[in-house]
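Now for the letters of each chain:
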Amino acid sequence: MMMKNILIVSAHPEPTSLTRQLVDVSVETLGAAGHKVVQSDLYGMKWKAVFDADDFPVRTNPDRLSFIMESGHAYATGNQTPDVVAEQAKLLAADAVILQFPLWWYGVPAILKGWIERVYAFGFAYGYQNGTNEFRFGDGILKGKRALVNVQAGGPAADYGPRGINAPIEQLLFPLTHGALFYPGMDVLPTHAVYSAGHVSTAEEVEAIKAGWRARLAGLFTDAPIPFRVQNGGDFPDRHTMADDVAPGQTGIVAHVADRVVETVDA
């Protein structure tokens with residue numbers, strides 16, 4: 001396999017955590033395979049998580065803060081903050097993006113959400129090319145890249161089953177996989193979830209989890225992505241609403257997946 005550029009974005013404050021141990025596995029495994037690995041350790045970087053007026057050092061309208069207007073202006077005129085510019089460059093250079101984090105209150109840690117909010121500028125990740133919604137969900141600036149999510153969940157796998165009390169992990173993370181990764185064009189692989197992460201207590205359990213993650217990394221460029229329905233291909237003729245003959249009788253999240261995806265559980 002040819003050498004690829006891989007960006008790992010991780011979010012956990014504790015260096016000995018299972019998440020951070022799996023980040024180390026990612027770096028070692030992918031590096032040993034000949035790939036170039038770049039990291040964004042958000043806690044280690046002390047990433048600014050809050051998206052606010054400080055992100056726009058040169059305002060187009062100093063009287064009222066419009067995030068879309070100021071974000072687009074900063075991106076177009078080269079007036080973004082240096083940390084945001086650096087992360088955008090990492091994304092553009094990457095062939096694959098791996099996100100590794102714990103599941104906190106059914107979503108990503110705030111610092112990771114803040115990374116998305118600040119880095120995904122107008123004109124970059126949305127409003128791409130012409131300032132409209134034409135290039136999204138299958139098209140966009142990150143089209144052709146792969147994305148893989150590795151999440152550590154505290155509860156047992158049963159809680160995330162089809163009728164589990166927490167709901168399936170792919171549905172909980174739909175705003176991330178479909179809304180933040182697929183939106184700007186990435187091919188998103190099924191989520192790699194580690195369940196009962198808060199109850200791992202033996203070295204043997206940790207090694208089994210690491211082995212499962214190594215096996216998953218082997219398919220980073222060969223595994224089939226989640227078949228999310230693309231915007232520009234017939235399923236959404238007006239770019240807003242699914243055509244009547246697409247997924248008849250289905251609504252909500254499940255209607256956005258063309259074929260049933262078997263959830264990946266390797267814990």
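Here, the structure is the one placed above.
Residues numbered from 1 in each chain as written. Predicted model: local features only at pLDDT ≥ 70, side-chain atom pairs only at ≥ 80, totals over all residues. Heavy atoms only, no water.

Trainee: Would you explain the environment of V149 in this entry?
Mentor: Relative to the elements of secondary structure, V149 occurs in strand β4 (residues 146-152). Classification of V149 as buried rests on a relative accessible area of 0%. A sequence separation of 40 residues divides V149 from L189, and the C-alpha atoms of the two residues are 7.6 Å apart. Not counting residues up to four positions away in its chain, the partners in contact with V149 are L99, F101, L173, L176, T177, L181, T191 and H192. (Helix = DSSP H or I, 4+ residues; strand = E, 2+ residues; numbered from the N terminus. Buried < 20%, exposed > 50% of the residue type's maximum accessible area, 1.4 Å probe, protein only. Contact = heavy atoms within 4.5 Å.)

Trainee: Please explain the side chain of R229 as it appears in this structure.
Mentor: Structurally, R229 can be placed in the loop between α7 (203-217) and β7 (264-265). Here the side chain of R229 touches A255 through a polar contact of 2.7 Å, landing on its backbone oxygen. Excluding its chain neighbours within four sequence positions, the residues that come into contact with R229 are F137, F182, D235, F236, M242, V246, A247, A255, H256, V257 and A258. (Polar contact = N/O pair within 3.5 Å; in protein donor to acceptor, adjacent residues only side chain to side chain.)

Trainee: Please explain the packing of aromatic side chains as it appears in this structure.
Mentor: Here the distance between the centres and the angle between the planes together describe a pair of aromatic rings. For the coordinates displayed, the defined rule picks out 11 aromatic pairs. With a centroid separation of 5.1 Å and 25° between ring planes, the pair formed by Y160 and Y195 is classed as stacked. One end of the pair, Y160, is in the loop between β4 and α5 (169-172); the other, Y195, is in the loop between β6 (192-194) and α7, with 35 residues separating them in the sequence. Relative to F228, the ring of F174 lies with its centre 6.1 Å away and its plane at 80°, an arrangement referred to as edge-to-face. With a gap of 54 residues between them, F174 in helix α6 (residues 174-182) and F228 in the loop between α7 and β7 connect regions that are remote in the sequence. (Phe/Tyr/Trp six-rings, centres within 6.5 Å; stacked < 30°, edge-to-face > 60°.)

Trainee: Help me understand the nonpolar core in this model?
Mentor: Within soluble globular proteins, side chains that are nonpolar tend to cluster in buried spots. Grouped together as the largest cluster of nonpolar side chains are 47 residues, with contacts concentrated most on L91, F101, W115, Y120, I169, L176 and L181. Counting only elements with at least two residues in this core, the list comes to β1 (5-10), α3 (82-93), β3 (96-102), α4 (110-119), β4, α5 and α6. When sequence neighbours within four positions are dropped, the list of residues in contact with L91 reads L7, V97, W115, V119, Y120, F124, L142 and K145. In terms of nonpolar packing, the next biggest core, distinct from the first, is built from 18 residues, L18, V23, A96 and W213 among them. (Core = buried A, V, L, I, M, F, W, Y, C linked by side-chain atoms within 4.5 Å.)

Trainee: Please clarify how unusual backbone geometry should be interpreted in this entry.
Mentor: Residues apart from glycine generally show negative phi values, whereas peptide bonds are mostly found in trans. Phi at K46 takes a positive value of approximately 55°, unusual for a residue other than glycine. The topology assignment puts K46 in the loop between β2 (36-41) and α2 (67-77). Here K46 falls in the exposed class, since its relative accessible area comes to 73%. Positive phi, normally seen in glycine, also occurs at S196, with a value near 55°. Tracing the chain through its elements places S196 in the loop between β6 and α7.

Trainee: Help me understand α3 in this model?
Mentor: Note that an α-helix has 3.6 residues per turn; residues three or four places apart therefore point the same way. The end-to-end C-alpha separation of α3 is 17 Å, in line with the 16 Å expected for 12 residues at 1.5 Å each. Residues V84, E87, Q88 and L91 constitute the buried set of α3. When α3 is viewed along its axis, its buried side chains cluster within an angular range of 100° and face the same direction. For α3, the elements touching its buried residues are β1, β2, α2, β3 and α4. (Expected span 1.5 Å × (residues − 1). Arc of directions from axis to C-beta.)

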